[in-house]
Amino acid sequence: MNIPVNLKYTKDHEWVSIEGDTATVGITDFAQKELGDIVYVEVETLDQTLDKDEVFGTVEAVKTVSDLFLPLTGEIIAFNDALEGTPESVNSDPYGAGWMIKIKIANMAEVDDLLSSDSYKELIGA
């Protein structure tokens, strides 16, 4: 199970990479394995400001559709357009080419509420 130590995580299985006041968000290796083959990623919240834990999109796998929850309050400033043609990147490279959105963080204090890689490993029993 790939759980990079340089990232933060949520209990809803999103990962977060923070650079300055911008966060890149995707789903974890654990989440993509649980979902199976991903066929579609939908994000209709581009340029919107949402609160932490609000649904920012959905990910559709062969057998299920799952909501994606915003890990931090902020404005969604980018969507990974490459996922429209190659949603399977979420399966093959969840922490790289499979990233989903970028957020302009509104409240940096919320970063402290995210899980470390060790805490996330405990959550999923890895």
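Residues numbered from 1 in each chain as written. Predicted model: local features only at pLDDT ≥ 70, side-chain atom pairs only at ≥ 80, totals over all residues. Heavy atoms only, no water.

## Some remarks on the sheet that holds strand β3 (residues 22-27)
In sheet architecture, strand pairing relies on hydrogen bonds along the backbone and comes in two forms, parallel and antiparallel. One open sheet holds the six strands; their spatial order is β1-β2-β3-β9-β8-β5, and the pairing between them is antiparallel. Taken across any chain shown, the strands that pair with only one partner, and hence form the sheet edges, are β1 (8-9) and β5 (49-50). Where strand β8 (residues 74-79) and strand β9 (residues 101-105) come together, five bridges link them in antiparallel fashion. Opposite Gly74, over in β9, you have Ile105 as the bridge partner. (Pairing = 2+ DSSP bridges. Helix = DSSP H or I, 4+ residues; strand = E, 2+ residues; numbered from the N terminus.)

## A word on the pairing of strand β7 (residues 65-69)
Relative to β7, strand β6 (residues 55-61) runs antiparallel, the two sharing five bridges. Bridging from a neighbouring strand, Glu60 pairs with Val65 of β7. Taking the residues that link successive antiparallel strands as the turn, the β6-β7 hairpin has three residues.

## Describing the pairing of strand β2 (residues 14-19)
Two strands pair when backbone bridges link them, and β1 and β2 are joined in this way by two bridges, in the antiparallel orientation. The residue of β2 that forms the bridge with Lys8 is Val16. Adjacent in sequence and paired antiparallel, β1 and β2 are bridged by four residues, among which His13 carries a positive phi angle near 75°. The sheet contact formed by β2 and β3 spans six bridges and is antiparallel. Its bridge partner lying in β3, Val16 is registered against Val25. Linking two consecutive strands that pair antiparallel, namely β2 and β3, is a turn of two residues; a positive phi of about 65° is found at Gly20 within it.

## Quick look at unusual backbone geometry
The general pattern is negative phi for most residues beyond glycine and trans for most peptide bonds. Positioned with a positive phi, His13 is a non-glycine residue whose angle comes to about 75°. Residue placement: His13 occurs in the loop between β1 and β2. Non-glycine residue Asp47 carries a positive phi angle of around 70°.

Keep in mind that these numbers describe shape and distance, not what the molecule does.
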